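# Descriptive analysis of the structure
This is what each chain is made of:
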Amino acid sequence: MPSSLSPELESRFIDLFGEAPQYLVRAPGRVNLIGEHTDYNDGYVFPCAIERSIWMAASPRSDGQVRAYALNFQKSSTFSLETIEKAQNPDESWSDYLRAIAAILQREGYPLIGLNIVTYGTVPIASGLSSSASMLVAGALLFASAAGVEIDLKRLALLAQRAEIEFVGVNVGIMDQFISALGRRDHALFIDTRTLDYEAVPLPSEGVQIVIADTNKKRGLVDSEYNTRRAECEQAVAILKSNLPSITALRDVTIAEFERYADTLPEVVRKRAKHVITENTRVLESVNALKSGDITRFGELMNASHESLKDDYAVSCAELDALAGASRSIEGVYGARMTGAGFGGCTVSLVADSAVEAFKAQVPALYRAATGLDTTIYTTKAEQGAERLR
Ligand code: GLA
């Protein structure tokens, strides 16, 4: 957290509500290193939290109202905990995340209290770095803290996922909420999304950096295409089941089994399944590569992941391909791939320390020449997951 942020948030809170906040929470955005579109197939993912977060400060109210103010938009929104609905006014749609998580917590029986809230975030919005998951996780932590209840972080992540599915209407997996809640500083989390078991794997402390580059292409199609991909995966399972009766998700299908029965699947469904099944094996291999210090292999697997997302899963776009290509053309880049749902958003690259300056100097011009767009580059270390600061 930039050390100046806390006083700034606090003084704005006092300006707005005439008192100091009693609660302060933070939840980070995330970048997924590898394992894309595997989480809703019971598969493996390997994300880390990033050094960009949402902070929320609050004080209690006795009237069951939530009065929230977003410093980023300089907009306020008020709702009652008694009947929570989506915001009518588009200017207040940012508050839907607070509304959604409050509604889910109440439905689960948590006795919430009204709050004055100020939010401030440094996670870029609609860039595929999970600003929405960090809003939901921070909101859950805030409402729970104020209500005096302790919610286990895995459960909190599941509740945040439900809020996203039920209110936002995208049938997302658990990755984003999980890593925002449970991320570990200087580690990536190898998560089994079926069991929710996870292992924190240390990232190299020197020699290589995580570099995120934003296509700055606004993601239009992503919600409907996301739900379509998910349905195609379910269709693949339904068909493969006739030969592999014990499977319940694509996670259960080995590459050898897939090859044996691939012909039973319609072409598009076959390609989707191929991506998911091969991506799961890439995650397993990349975790081993990282543990044995083989960054070169890790980078190759990232590149292969991108190609699979582009050719088989069809969730990349010209801008992501151009940015990944420009990144890979820099000497010292181990690997580069799209990260998150796709159709825009960001790439993630693993870059040798000595190549980071060249990356920042050369990738923007290469990307601009290919697309006419400007990229925004962020370097990040793996950050700690959500925390209550006050
Ligand atoms: C979005 C979803 C995640 C995951 C990724 C793709 O970020 O919220 O659950 O499915 O897309 O890997």
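Residues numbered from 1 in each chain as written. Predicted model: local features only at pLDDT ≥ 70, side-chain atom pairs only at ≥ 80, totals over all residues. Heavy atoms only, no water.

## Topic: the overall build of the protein
- The helix and strand tally for the protein stands at eleven helices and twelve strands.
- For 390 residues, the compact-globule estimate of 2.2 N^0.38 gives 21 Å, and the C-alpha radius of gyration of the protein, at 21 Å, lies within 12% of that figure.
- For the protein, the spread of C-alpha atoms along the principal axes amounts to about 65 × 50 × 40 Å.
- Within the span of the protein, comprising 390 residues, buried residues form 56% of the whole.
- Considering only intrachain contacts with a sequence separation of at least 6, the fraction spanning at least 24 residues in the protein is 72%.
- Charged side chains of the protein number 39 positive and 50 negative; the gap between the two group centres comes to 1 Å. (Helix = DSSP H or I, 4+ residues; strand = E, 2+ residues; numbered from the N terminus. Rg over C-alpha atoms; globule rule 2.2 N^0.38 Å. Buried < 20%, exposed > 50% of the residue type's maximum accessible area, 1.4 Å probe, protein only. Contact = heavy atoms within 4.5 Å. Lys, Arg positive; Asp, Glu negative; His and termini not counted. Charge placed at Lys NZ, Arg CZ, Asp CG, Glu CD.)

## Here we look at the sheet that holds strand S10 (residues 346–352)
- Strand order in this open sheet of four strands is S9-S10-S8-S11, and the pairing throughout is antiparallel. Of all the strands in the sheet, just strand S9 (333–339) and strand S11 (376–380) have a single pairing partner and so form its edges. Strand-to-strand twist in this sheet, taken as the mean axis angle between neighbours without regard to direction, amounts to 25°.
- Both S9 and S10 contribute to a ladder of six bridges, which runs antiparallel. Looking at the pairing, Gly335 lines up with Leu350 of S10.
- Sitting on the sheet, helix H11 (residues 356–371) touches strand S8 (208–214), S9, S10 and S11, and the angle it makes with S11 is about 165°. (Pairing = 2+ DSSP bridges. Axes fitted to C-alpha atoms, helices over the stretch in contact; angles between N-to-C directions.)

## Section: the site of the ligand
- All residues in the neighbourhood of the ligand are listed as Arg30, Glu36, His37, Asp39, Tyr40, Val172, Gly173, Met175, Asp176, Tyr226, Gly340 and Ala341.
- Counted by class, the shell around the ligand contains five nonpolar, three polar and four charged residues. (Near = heavy atom within 4 Å. Nonpolar A, V, L, I, M, F, W, Y, C, P; charged D, E, K, R; others polar.)

## Some words on the packing of helix H4 (residues 153–168) against helix H5 (residues 175–182)
- Two numbers describe how H4 lies on H5: the axes approach to 8 Å, and their chain directions differ by 140°. Helix-helix and strand crossings are classified by hand; for H4 and H5 the assignment is right-handed. Of H5, the residues touching H4 (which contributes Leu153, Lys154, Leu156, Ala157, Ala160, Gln161 and Glu164) are Gln177, Phe178, Ala181 and Leu182.
- By residue class, the composition of the contact of H4 with H5 is seven nonpolar, two polar and two charged. (Left-handed = near helix turned anticlockwise from the far one by under 90°.)

## Re the pairing of strand S4 (residues 75–80)
- Pairing of strand S3 (residues 65–70) with S4, which is carried by six bridges, proceeds in the antiparallel orientation. What sits directly across from Tyr69, in S4, is Ser76.
- The hairpin turn running from S3 into S4, its antiparallel successor, is four residues long, and Gln74 in that turn takes a positive phi close to 55°.

## Focus on the environment of Pro111
- With respect to the secondary-structure elements, Pro111 resides in the loop between helix H2 (96–107) and strand S5 (114–121).
- Overall, Pro111 belongs to the exposed group, its relative accessible area being 51%.
- In this structure Pro111 touches Ala147 and Val149, once residues within four positions along its chain are discounted.

## Examining the state of the cysteines
- One pass over the structure, following the stated rule, counts zero disulfides.
- Free of any disulfide, Cys48 has its nearest cysteine sulfur in Cys346, 13 Å distant.
- Since its relative accessible area comes to 0%, Cys48 is described here as buried. (Disulfide = S-S within 2.5 Å.)

## Some remarks on the environment of Ala355
- Mapped onto the secondary structure, Ala355 falls in the loop between S10 and H11.
- Placed 148 residues apart in sequence, Ala355 and Gly207 show a C-alpha to C-alpha distance of 10.0 Å.

## Points about the environment of Asp39
- On the secondary structure map, Asp39 appears in the loop between strand S1 (23–34) and strand S2 (44–61).
- Between the C-alpha atom of Asp39 and that of Gly121, which follows or precedes it by 82 residues, the distance is 26 Å.
- Other than its neighbours up to four places away in sequence, Asp39 contacts Val45, Gly173, Ile174, Met175, Thr193 and Tyr226.
- Here Met175 takes part through its backbone nitrogen, which lies 3.0 Å from a polar atom of the side chain of Asp39. (Polar contact = N/O pair within 3.5 Å; in protein donor to acceptor, adjacent residues only side chain to side chain.)

## Some words on the pattern of salt bridges
- The full count for this structure, using the stated rule, is 28 salt bridges.
- The salt bridge partner of Lys291 is Glu199, with a shortest N-O separation of 2.9 Å. With a gap of 92 residues between them, Lys291 in helix H8 (residues 267–291) and Glu199 in strand S7 (residues 198–202) connect regions that are remote in the sequence.
- For Lys291, a relative accessible area of 47% corresponds to the partly exposed category. (Salt bridge = Lys/Arg side-chain N within 4 Å of Asp/Glu carboxyl O.)

## Looking at unusual backbone geometry
- If you check the backbone angles, Gln74 has positive phi at about 55° while not being a glycine.
- Relative to the helices and strands, Gln74 resides in the loop between S3 and S4.
- Phi angles above zero are rare outside glycine, and Leu196 is one such case at about 65°.
- Mapped onto the secondary structure, Leu196 falls in the loop between strand S6 (187–192) and S7.

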